[in-house]
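Summary of the model geometry
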Amino acid sequence: MSEPAGPAASVPAAPSPGSPGHAPASPPSRPAGSSPDDPPVAGPPSGGSGQRPVPARRAFLRGALGVGFAGAAAAGAGAGYAYRASRPIPAAATAAETAQAGVLPAVPFHGRYQAGILPGSQRQTAVISFSVTAAGRGELRALFQTITDRARFLAAGGTAPPVGISAPPSDSGILGPAMEPNGLTVTVGVGASLFDDRYGLAALRPARLTQMQPFPDDNLDPAQCNGDLSLQLNAGSADTVLHALRDITRHTRGGMQILWRIDGFTSPPRPAGTTPRNLLGFMDGIANPDAGSPAAMDELVWVTSSASHEPAWTVGGSYQVIRLIRMLVEFWDRVDVFEQENMIGRRRATGAPLDANSEFAIPNYPVDPSGAVIPLTAHIRLANPRTPQSGSSRILRRGYNYDRGIDDVGNLDQGLIFTCYQQDIKRQFEAVQTRLTGEPLVDYISPFGGGYFYALPGVRNASDYYGRALLT
Amino acid sequence: MNGISAGSPRTLPVAATAAWLSAGALLAGLLAGCGGNSPSPANSITVNTATCGGQWSPVAPGWHTFHIQNQSTEAAEVDLIDPASGAIYAELEASGPNTVNPLQVDVGSGSYAFRCLLEDTDPVTGPTVRIPGHVRGAAAILPVTTDDLIQPAREYRTYVTAGLNVLLAQVKKLAAGIGSGNLAAARAAWLPAHLTYERLGAAYDSFGNFDGEIDGRATGLAGGVSSPQFTGFYRLEYGLWHGQSARQLTGLGNHLVKDVAALRAAWPGMEIGLLDIGLRTNEILENALEFQLTGTDDYGSGTTLATVGANITGTRELLQILHPLLAARYTGLPSVYSWLDRLEGLITAQHHRSGSWTPMSQLSTGDRQMINATLSQTLQELAPIAVITEPRRT
């Protein structure tokens, strides 16, 4: 007996964590269409001086993208940071280069509003819905304080604390030892279910906050709908987003669990200087209200102190609608381009409304009452009919493309993470969505998930935290 | 009896030097030599045979990065310690020759010295540097030595020995049920036996090939559940809950008895890795998260939550064994226990009066997320223990 086995025989087995997540699918190799069928564009160049510098009107599907909206591309201002502009804004070209290197500047975290709402879409996003598992009000408050601490740290960047021999490393390391903030924004929202009987918050539920109900053309999967808390992480690169997600979940494991999540991206403008395209091949997302106009935002996006029906804590927040919309891209790619354009109401190649020659032109519906040029059922026309009555239903859209594998018949699972902000979901998003019911495009898209949330007021300073006014 | 053996406490320290330290700190004589690149002189700490760090000046309190320059042809371990107590603020393991490595520390007011660990020679401790004032930095932690772990290893051996005795009787009962054609009795006997084994969780590595025979899963075997190499608890579970006959399973039942008996006979001579004791405090439940809560290890009985409960018991045993070492070193220990309690409560709630357990597939999303969250938080709380209880040379 007792031949020393030798400790080498008892080398500890490394734990073998599974690799979660879905296998990424390659994007289709089909080149984005530059259709020779499109008429040559003879009008002023996009963003040209002939256009008004306020938001041009665009298709409904997506939010303004990076530098694309409000004529900001022409101005060379990174519209992403325009409203909170407490630091220098890089010129567009420079911004693209720095984004490539993953060194976008920090977006100031503290403020009256959450920093990730007004800026245009960044290169990468993750949208995550959580179930809150905290036990009781005290733990709920601690959860929100922890999320705040992590978000504040991550948005500023820097070095993770040394731990000596007391613990595993305090950071995942995927951004290296000196973390660049890389434009990270963290947007936190709360769902209607957080106001059930668990935390005694029922009386404080935002007046317009409900669970998202299916619209007639929806195909909702309950497992990918709603949630107690929404988290959107936007940044200049995927590693920054994933680092933030890992950091926040690591610090909140007992307090919340992911219910569903989806990652998204913004395509580069093709060609340069235009609005980025969605995965239907169309430029998408100009007809946004002007995020640089505080008056417009007070009118359409923020819940203000004048909203007497709302609990006081909601001031400075905004209703957030998230819709996960599958695009049936294989089917779409089998459709004649003119039919595609009639469904959207714009030229695929140029983004121009069918009644005009340039991307930023305003469609003139009054001279086309029968829809001879832009069909009455065209997406852009239903979404924003540009009537006096439709003005108050405008929403601030912030969309991202997604691409995440395949479905059961081998088709690519691609589409749109539609996100929008508004003062009143019924008056705004639901009104728009109701106008779109039955539009021809519904055959090619399938909303399957998402939810309604209330994006919290901003974290004002170093001693403030998300939801403080709600939880104290 | 449990005699002194290869894995016995008496021989452990010697073995430990080769195995436990080699991973992080195989130490060799250091020769003075030309330094490599030297970063900022103020932060540069030189390692050689003459001094450990040499003279260095106090730094301002706060986060600080020292650059440890190994001017030798051998690897070295360098610790920043409190010279009065020997407690470690920060360590650099396996610093290779002619390398410069950062050593980060949250410096506060107090006494600091570098200690360089060289093989076959006494550690060299450099001069003490006092940082004045009243600034709180990161606390130093007293290193755990191989000597400190001898008693825990002894207690753990006793725990497993007792468990194996129980286990053998239980698998005999299981095999007898199958052998007599009473599969209902066999199904009833399966779970208690399996849980007894799962309570020993800390022993995976120590059990060597026995673990694969006794508790291996079908994944990784060509043919999966039909593989002739698929044996043990999960194979029997598969058969007993998929309508296989006593005749099909009799050989497998006897096989399990034979394996458990062989393990029990071999156990006194088997090594207990000292590093493993700390590692297992979170690895048992890491496995529970990966294989039980996912339902992966459910071969038909729907009792993976019962297995998690057994894994909690195994984890608690290790914590109890390590408690004397942890109490003064890990401020998060009360939190470990409170999360384990919470987890155990959630698991127990799925054990029904009839004796049955809720299968994972029948848990509501809410219950499942609550269990996932609680186990995940428990793992976060447990994670520092392996770092703290890693056997270190002093």
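Residues numbered from 1 in each chain as written. Chains lettered and ligands numbered in written order. Predicted model: local features only at pLDDT ≥ 70, side-chain atom pairs only at ≥ 80, totals over all residues.

1. A short note on the overall build of chain A
- Each helix and strand counted, chain A has ten helices and nine strands in total.
- Expressed as a percentage of its 472 residues, the buried residues of chain A come to 50%. (Helix = DSSP H or I, 4+ residues; strand = E, 2+ residues; numbered from the N terminus. Buried ≥ 20, exposed ≤ 12 C-beta atoms within 10 Å, placed from the backbone.)

2. Remarks on the packing of helix H8 (residues 304-326) of chain B against helix H9 (residues 333-348) of chain B
Residues and elements named next belong to chain B.
- The N-to-C vectors of H8 and H9 enclose an angle of 160°; their axes lie 10 Å apart at closest approach. Looking at the two axes, H8 sits roughly antiparallel to H9. Between H8 and H9 lies a crossing of left-handed hand. Residue-level contacts link Leu305, Val308, Gly309, Ile312, Thr315, Arg316, Leu319 and Leu326 of H8 to Leu333, Val336, Leu340, Leu343, Glu344, Ile347 and Thr348 of H9.
- Of the residues contributing to the contact of H8 with H9, the split by class is ten nonpolar, three polar and two charged. (Axes fitted to C-alpha atoms, helices over the stretch in contact; angles between N-to-C directions. Parallel < 35°, antiparallel > 145°, perpendicular 65-115°, else oblique. Left-handed = near helix turned anticlockwise from the far one by under 90°. Contact = placed C-beta atoms within 7 Å. Nonpolar A, V, L, I, M, F, W, Y, C, P; charged D, E, K, R; others polar.)

3. Thoughts on the pairing of strand S3 (residues 62-70) of chain B
- Summarising the sheet, strand S1 (residues 44-47) of chain B and S3 of chain B pair through four bridges and their orientation is parallel. Across the sheet, the residue bridging to Val47 of chain B is Asn70 of chain B, located in S3 of chain B. (Pairing = 2+ DSSP bridges.)

4. Quick look at the packing of helix H2 (residues 146-179) of chain B against H8 of chain B
Residue and element names in this part refer to chain B.
- Relative orientation of the contacting elements H2 and H8 amounts to 160°, with a least axis distance of 9 Å. Considering the angle they form, H2 stands roughly antiparallel to H8. Judged by the sense of rotation from one axis to the other, the crossing of H2 with H8 is right-handed. Side by side, H2 and H8 meet where Asp148, Pro152, Glu155, Tyr156 and Tyr159 of the first sit next to Glu317, Ile321, Leu322 and Leu325 of the second.
- In the contact of H2 with H8, the residues fall into six nonpolar, no polar and three charged.

5. What about the confidence of the model for chain B?
- A residue-level look at chain B finds 88% of positions with pLDDT of 70 or above and a mean pLDDT of 87.
- The ipTM, which scores confidence in the relative placement of chains, is 0.87 for this predicted complex, and the corresponding pTM is 0.84. (pLDDT = per-residue confidence, 0-100.)

6. Thoughts on the nonpolar core
- With 96 residues, the main nonpolar core has Val78, Leu80, Tyr89, Leu103, Cys116, Leu174 and Trp190 of chain B as its most contacted residues.
- With near-sequence residues (within four places) excluded, Trp190 of chain B lies in contact with Leu174, Leu236, Glu237, Leu240 and Ser301 of chain B.
- Counting 90 residues, the second largest nonpolar core, distinct from the first, contains Val190, Met212, Ile262 and Val432 of chain A. (Core = buried A, V, L, I, M, F, W, Y, C linked by C-beta atoms within 7 Å.)

7. Remarks on helix H9 (residues 426-435) of chain A
Residue and element names in this part refer to chain A.
- Within H9 the residues assigned to the buried category are Gln428, Phe429, Glu430, Val432 and Gln433. Down the axis of H9, the buried set is contained in an arc of 160°. They therefore lie on one face.
- Tucked into the core, H9 has its buried residues touching strand S5 (318-327), helix H8 (379-383) and strand S8 (412-422). (Arc of directions from axis to C-beta.)

8. Comments concerning the confidence of the model for chain A
- Averaged over all residues, the pLDDT of chain A is 83; the fraction at 70 or higher stands at 78%.
- Predicted confidence is poor over residues 1-92 of chain A, with pLDDT under 50, and the contacts of this stretch with residues over four places away or in other chains come to 224 contacts.

9. Quick word on the sheet that holds strand S6 (residues 100-107) of chain B
- Across the sheet, four strands lie side by side as S2-S1-S3-S6 (chain B); this open sheet has mixed pairing. Edge positions in the sheet fall to strand S2 (52-53) and S6 of chain B, since each has one partner strand and no second.

10. Thoughts on unusual backbone geometry
Residues and elements named next belong to chain A.
- Residue Arg270 is joined to Pro271 through a cis peptide bond whose omega torsion reads 0°.
- Its place among the elements puts Pro271 in the loop between strand S4 (256-265) and helix H5 (294-300).
- Its identity as a non-glycine residue notwithstanding, Arg386 has a phi of 60°, on the positive side.
- Topologically, Arg386 is positioned in the loop between H8 and strand S6 (396-397).

11. A look at the environment of Gly208 of chain B
- Summarising the element assignment, Gly208 of chain B is placed in the loop between helix H3 (183-199) and helix H4 (209-215).
- Each C-alpha atom, one on Gly208 of chain B and one on His242 of chain B, is 29 Å from the other, the two residues being 34 residues apart in sequence.

12. Focus on helix H7 (residues 274-292) of chain B
All names here are of chain B.
- Over its 19 residues, H7 runs 26 Å from end to end, which matches the ideal 27 Å to within 8%, given 1.5 Å per residue.
- In H7, a bend of some 50° at Arg280 exceeds every other bend along the element.
- Burial analysis of H7 places 16 of its 19 residues in the buried class, the great majority of the element. (Expected span 1.5 Å × (residues − 1). Bend = angle between axes of the 7 residues up to and from the residue.)

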